[in-house]
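Structural features, examined
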Amino acid sequence: MSANYDVAIAGATGAVGEALLEILESREFPVRRLFPLASKRSAGKTVQFRGESLEVGVLDDFDFRQVAVGLFSAGASVSAWAAPRAAAAGAVVVDNTSQFRYDDDVPLVVPECNSDRIAQHANRGIIANPNCSTIQMVVALKPINDAAGIERVNVSTYQSVSGAGRLSMELLTAQTRALLNGGEVAPQSNQEKSVAFNAVPKIDQLLDNGYTREEMKMVWETRKILEDPDILVNPTCVRVPVYLGHSEALHIETREKLSVEEVRDLLDAAPGVVVLDGENPGDYPTAATEAANRDAVYVGRIREDISHPRGINLWVVADNLRKGAALNSVQIAEVLVERFL
C-alpha cells in the first residue's frame, strides 16, 4: 500500500464512524485526505484524525469524484441512494448496512473468509460489510468448515446495546440508574421492552416465519460468505445489558468428526482468532474483559457436544463496533487498495 488514497466516511459522527476514524489512524491506512460526512444536522461538527480537527461535511452535497474509497455507516436508507451515487462517481463503497448484502452482484466480505470476493467490486462499485453477529461467527466457523464441513449451526447470541446505536447505550445508562435508585423504567420509543437488568429475545422486526430479521441475517449471510447454501443455521438473537461486545454460543454439527484438540488447533492457526480455552479459572473470554476495544475474535469453552456424535460447542466474543463493523470495513479497504485498485 505505497500509494495514498482520498477517503470519505459517511456517518462519521456515529459510534461506528468514530471507530472507523480511530482504526484508520491506528492501522496507518494510507489516507491522503479524509472527508468526514454526515447529515445536515451534524454539519459543522468536528472529528479528530491524526491530531487534527476536521469539519464534518454534508453527505447530500458531497462530490464523490474527490475520493477513491467511501466507508459508509449511515444507515440502510441513506446507503440506498448515496452508495450508488458515490459508485457512479468512481468511488468504491464499503457499505456497513444491510442495503446491499443480499444482492447477487455485490460481494459480502469478511477478509479472513473470502477476501478474493473483493474483486467483484467492479460489478457495481459496492462491497457489503456483513452484520456484526455474522462476522464473528463466520471467522470462527471458516477453519472448521474448511477442515470437516459444517452441516448445521445452532447459535444463540447475546448482543450489546451498542449494536443498536448510541441512543440505546444512553438509554441503558438512564434505565440502570433509575432502577438502582428505586425507580421504575418504561420502554422508550425505540424499545418494546427495557434492556436494563433484562434479556430481550427480539432484535429487529419479526418475519412471517417467526424469526426476526436479525436472526435471518445470520442465515442468509453465513451461506453467502461460506459459499454453501446447504449449511443450516438456527439462530436466536438476544439483546442484553452490555455496552460493548457481542457473545455467541455456537453448537456446530460437522460432516466429519473433529476432536476438541483438532478444533483448538484449527482455531489457533486461524487468522483473526484468539483462543482462550484453558483449565485455569478465567480461561475463557467475555465481551467486557477480552473483546471490548480489541480487534480479535475470541473463542473459548471448546468442547464436544454430548448430544451429537459430530458436535462441537464454542463460545465466541468480539467487539461489535470494531470487528463487527469498523475494523472489518477497514480490512476490506486494505485488501481493496493493495490488490484491486
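The structure presented is a predicted model; accordingly, all values stated were derived computationally and were not measured. (Residues numbered from 1 in each chain as written. Predicted model: local features only at pLDDT ≥ 70, side-chain atom pairs only at ≥ 80, totals over all residues. Heavy atoms only, no water.)

With that out of the way, let us pick up the sheet that holds strand S14 (residues 311–318). If you trace the six strands from one edge of the open sheet to the other, you get S10-S9-S11-S14-S13-S12, paired in mixed fashion. In this open sheet, the two strands that pair with only one neighbour each are strand S10 (232–239) and strand S12 (273–275). This sheet shows a mean twist of 20° between the axes of neighbouring strands, independent of strand direction. Both strand S9 (residues 150–159) and S10 contribute to a ladder of eight bridges, which runs parallel. (Pairing = 2+ DSSP bridges. Helix = DSSP H or I, 4+ residues; strand = E, 2+ residues; numbered from the N terminus. Axes fitted to C-alpha atoms, helices over the stretch in contact; angles between N-to-C directions.)

Once that is clear, we can look at the pairing of strand S4 (residues 52–55). Where strand S3 (residues 46–49) lies against S4, four bridges are found, and the strand directions are antiparallel. In the strand pairing of S4, Gln48 is matched with Ser53. In this antiparallel pair of consecutive strands, S3 and S4, the connection spans two residues, and Arg50 shows a positive phi of 55°.

Our focus in this paragraph is helix H6 (residues 213–226). Compared with an ideal rise of 1.5 Å per residue, which puts 14 residues at 20 Å, H6 spans 20 Å between its outermost C-alpha atoms and is within 8% of the ideal. For H6, the full list of buried residues reads Glu214, Glu215, Met216, Lys217, Met218, Val219, Glu221, Thr222, Ile225 and Leu226. Packing partners of the buried residues in H6 comprise helix H3 (111–114), helix H4 (132–148), S9, S10 and strand S11 (246–254). Where H6 terminates, the next one or two residues include Glu227, which has phi positive at roughly 55°. (Expected span 1.5 Å × (residues − 1). Buried < 20%, exposed > 50% of the residue type's maximum accessible area, 1.4 Å probe, protein only. Contact = heavy atoms within 4.5 Å.)

The next subject is the pattern of salt bridges. Counted according to the given criterion, the structure contains 22 salt bridges. Across the pair Arg322 and Glu22 runs a salt bridge whose closest N-O atoms are separated by 2.6 Å. With Arg322 in helix H9 (residues 322–340) and Glu22 in helix H1 (residues 15–26), this residue pair connects regions lying 300 residues apart in the sequence. Across the salt bridge formed by Glu334 and Arg27, the nearest N and O atoms sit 2.8 Å from each other. (Salt bridge = Lys/Arg side-chain N within 4 Å of Asp/Glu carboxyl O.)

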